[in-house]
Amino acid sequence: MRRRASPARDYGFSLIEVLAAFVVLMIIFAPFTGLFVTGFSGVFAAGHKTIATFLAQESADSRIAEKSVDYADQLAIEFQGVA
């Protein structure tokens, strides 16, 4: 005759239960990783655009301060590397 397991020894989770819970969590959270990657790449792109805008504004301000304009009512600024 088999003896029943005592309640004191019947605690915790089995390996199968832990693996099943892990698989369910991965199925739930896997789609969100794409959102994080897209979000971070958007933040970095916006940062680069902000830096470029700041440098362009700084260059324009310095050229205006130097009064390097062609005509009194017209401002012509040329940037290196931009056609």
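Scroll up a little and you will see the structure.
Below, the structure is looked at part by part. Note that the structure is a prediction, hence the values are computed from the model and not measured.

## Considerations on the overall build of the chain
- Along the backbone of the chain there are 1 helix and 0 strands.
- Counting all 83 residues of the chain, 2% fall into the buried class.

## Brief notes about helix 1 (residues 15-65)
- Look at helix 1: 72 Å from first C-alpha to last across 51 residues, which is about the 75 Å you get at 1.5 Å a residue.
- Along helix 1, the sharpest kink reaches roughly 35 degrees, centred on F29 and followed within four residues by the proline P31.
- Directly after helix 1, the chain includes K67, whose backbone phi takes a positive value near 60 degrees.

## Description of the packing of aromatic side chains
- Enumeration according to the criterion identifies 1 aromatic pair in this entry.
- Seen from their ring centres, F29 and F32 are 6.4 Å apart, and the 50 degrees between their planes marks the pair as tilted. In this pair, F29 and F32 are both assigned in helix 1, 3 residues apart and thus about one turn of the helix distant.
- Classification of F29 by relative accessible area gives partly exposed; the value is 47%.

## A look at the environment of T50
- Mapped onto the fold, T50 is located in helix 1.
- A polar atom in the side chain of T50 sits 2.8 Å from the backbone oxygen of A46.

So, how was this worked out
- Residues numbered from 1 in each chain as written.
- Predicted model: local features only at pLDDT ≥ 70, side-chain atom pairs only at ≥ 80, totals over all residues.
- Heavy atoms only, no water.
- Helix = DSSP H or I, 4+ residues; strand = E, 2+ residues; numbered from the N terminus.
- Buried < 20%, exposed > 50% of the residue type's maximum accessible area, 1.4 Å probe, protein only.
- Expected span 1.5 Å × (residues − 1).
- Bend = angle between axes of the 7 residues up to and from the residue.
- Phe/Tyr/Trp six-rings, centres within 6.5 Å; stacked < 30°, edge-to-face > 60°.
- Polar contact = N/O pair within 3.5 Å; in protein donor to acceptor, adjacent residues only side chain to side chain.

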